[in-house]
Amino acid sequence: MANSGQKVVLITGCSSGIGLRIAVTLAKDEKKRYHVIATMRDLKKKDKLVEAAGDAYGKTLMLLPLDVCSDDSVKQCINNVKDRHIDIFINNAGVGLLGPVESISIEEMKRVFETNFFGAVRMIKEVMPDMKKRRSGHIVVMSSVMGLQGVVFNDVYTASKFAIEGFCESMAVQLMKFNIRLSMIEPGPVHTEFETKMMEDVAKMEYPGADADTIRYFKDVYLPSSRDIFEAMGQTPDDIAKCLKKVIE
Ligand code: NDP
């Protein structure tokens, strides 16, 4: 249970990467300012987080299941934390999608929007009413530099992040009247499973519908240069967690 004076922070997508490191960083805050509710869609994946949290697990960090694509799961999760009041909500869960748009089915594109856009909106709709009632709160959305600038072969992912940026920019104005802050974080490349998962998907890709020049450009030019950029510029999930901590302090 959160101590009075501790801020309750709910975070989505804590099974790996940035979400995991944010949860651990806040739960291990030297002044114990945060009570972290770390969520993930499959609690069988909790071991990495529990191990990284160490002594904080069960004290300043607790776990709940949450799939941001499911109305029922979202409602259940919010009901579970209702009496504690969420002071800070961090929307981190996200999926990537890479490749020539001709080869990507509409179903795959919808999955990206369902997570990156509707997942965030579903959560914001649920956490907002209580924050409005209390005239206090902070919502932080993990966008991407691709929410600001289109990047070749990331068309659908970029579109999903542009969509959530637009939604948040509009919402921020209404929320300000209720003393609720809404912040966006827009990282460049970060070394997480995100890239690995996308590369695994790409390795299975058969490029239906794409012309030979596009396939060649994607495989021989885009993928190698993208790897180089990741190597040269990639940040760590800890860098992003530290940045987030500054944003909420
Ligand atoms: P990871 O793949 O390591 O983490 C993504 C997290 O989102 C996982 O915990 C995953 O859970 C979770 N997730 C996916 N779908 C759902 C869902 N339906 N419900 C709940 N959780 C879900 O990637 P990152 O840590 O890198 O990504 C975190 C955020 O950062 C994303 O929003 C991403 O767009 C953004 N970002 C990442 C960058 C990068 O280069 N890595 C750069 C800029 C932004 P599960 O394990 O169950 O799949």
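Only a predicted model underlies this, so the values are computations on that prediction, with no experimental measurement involved.

Asks: Any chance you could explain the UniProt feature "active site" (unreviewed entry) in the chain here in plain terms?
Replies: Using the residue numbers shown here, the UniProt feature "active site" (unreviewed entry) corresponds to Tyr157. Structurally, the position occupied by Tyr157 is in helix H5 (residues 155-176). Accessibility expressed as a C-beta count within 10 Å gives 23 for Tyr157, which makes it buried. Setting aside residues no more than four positions away along its own chain, Tyr157 makes contact with Gly96, Leu97, Val112 and Met146.

Asks: Looking at this structure, how should I read the site of the ligand?
Replies: Contacts to the ligand come from 30 residues, most closely from Gly13, Gly17, Gly94, Thr192 and Phe194. For the shell around the ligand, the class distribution of residues is twelve nonpolar, twelve polar and six charged.

Asks: Teacher, can you tell me more about the sheet that holds strand E2 (residues 34-40) here?
Replies: Backbone-to-backbone hydrogen bonds pair the strands of a sheet. The strands run either parallel or antiparallel. Spatial strand order, E3-E2-E1-E4-E5-E6: six strands in an open sheet with parallel pairing. The open sheet has two free edges, formed respectively by strand E3 (61-65) and strand E6 (180-185), since each of these has just one partner strand. Each strand of the sheet is rotated relative to its neighbour by a mean of 15°, with strand direction disregarded. Note that strand E1 (residues 7-11) and E2 share five bridges and pair parallel. Residue pairing across strands places Lys7 opposite Tyr34, the latter belonging to E2.

Asks: For this particular structure, what's the right way to read helix H7 (residues 212-233)?
Replies: Side chains three or four residues apart in an α-helix point the same way, a direct result of the helix having 3.6 residues per turn. The end-to-end C-alpha distance of H7 is 30 Å, a good match for the 32 Å that 22 residues give at a rise of 1.5 Å each. In the structure, H7 departs most strongly from a straight axis at Tyr222, where the bend amounts to approximately 35° and where the proline Pro224 lies between one and four residues downstream. Counted residue by residue, H7 has two buried out of 22 residues, so it is predominantly exposed.

Asks: How do you make sense of the packing of helix H1 (residues 17-27) against helix H8 (residues 237-248) when you look at a structure like this?
Replies: Helix-helix packing is described using two parameters, namely the angle between the two axes and the distance between the axes. For the pair H1 and H8, interaxial distance at closest approach is 8 Å and the crossing angle is 50°. Between H1 and H8, the angle is such that the two are oblique. Crossing geometry of H1 relative to H8 is assigned as right-handed. Note on element contacts: H8 touches H1 through Pro237, Asp238, Ile240, Ala241, Lys242, Leu244 and Lys245, opposite Gly17, Ile18, Leu20, Arg21, Ile22, Thr25 and Leu26.

Asks: Help me understand the nonpolar core, please; the structure alone is not making it clear to me.
Replies: One broad rule of soluble globular proteins: the nonpolar side chains tend to lie buried together. One finds Val9, Ile11, Ala23, Ala27, Val36 and Val127 to be the most contacted residues of the largest nonpolar core, which totals 50 residues. With seven residues, the single largest contributor to this core is H1. Not counting residues up to four positions away in its chain, the partners in contact with Val9 are Leu26, Tyr34, Val36, Ile37, Asp87, Ile88 and Ile90.

Asks: Explain the pairing of E2 to me, please; I cannot follow it from the model alone.
Replies: Consecutive residues of a regular strand have side chains that alternate between opposite faces of the sheet. For E2, the buried fraction is high: seven of the seven residues fall into the buried class. Residue alternation in E2 divides its side chains into two sets, Tyr34, Val36, Ala38 and Met40 and His35, Ile37 and Thr39, and both sets are buried. Pairing between E2 and E3: five bridges, direction parallel. Residue pairing in the sheet places Ile37 in a bridge with Met62 of E3.

Asks: Sorry, what's going on with the environment of Phe117 here?
Replies: Relative to the helices and strands, Phe117 is located in helix H4 (residues 106-134). Put simply, Phe117 and Leu244 are 127 residues apart on the chain and 20 Å apart in space, counted from C-alpha to C-alpha. Beyond its immediate chain neighbours, meaning those up to four positions away, Phe117 contacts Ser160, Ala163 and Ile164.

Asks: Quick question: what am I supposed to make of the packing of helix H3 (residues 71-81) against H4 here?
Replies: H4 packs onto H3 with a crossing angle of 30° between their chain directions and a minimal axis gap of 10 Å. In terms of their interaxial angle, H3 and H4 are classed as roughly parallel. In this structure, the crossing between H3 and H4 has a hand that is right-handed. Listed contacts from H4 to Asp71, Val74, Lys75 and Ile78 of H3 are Arg122, Met123, Glu126 and Val127. Here the residues of the contact of H3 with H4 are counted per class, giving four nonpolar, no polar and four charged.

Cut-off values and rules
Residues numbered from 1 in each chain as written. Predicted model: local features only at pLDDT ≥ 70, side-chain atom pairs only at ≥ 80, totals over all residues. UniProt positions renumbered as here; feature names shortened; annotations may be inferred. Helix = DSSP H or I, 4+ residues; strand = E, 2+ residues; numbered from the N terminus. Buried ≥ 20, exposed ≤ 12 C-beta atoms within 10 Å, placed from the backbone. Contact = placed C-beta atoms within 7 Å. Near = placed C-beta within 6 Å. Nonpolar A, V, L, I, M, F, W, Y, C, P; charged D, E, K, R; others polar. Pairing = 2+ DSSP bridges. Axes fitted to C-alpha atoms, helices over the stretch in contact; angles between N-to-C directions. Expected span 1.5 Å × (residues − 1). Bend = angle between axes of the 7 residues up to and from the residue. Parallel < 35°, antiparallel > 145°, perpendicular 65-115°, else oblique. Left-handed = near helix turned anticlockwise from the far one by under 90°. Core = buried A, V, L, I, M, F, W, Y, C linked by C-beta atoms within 7 Å.

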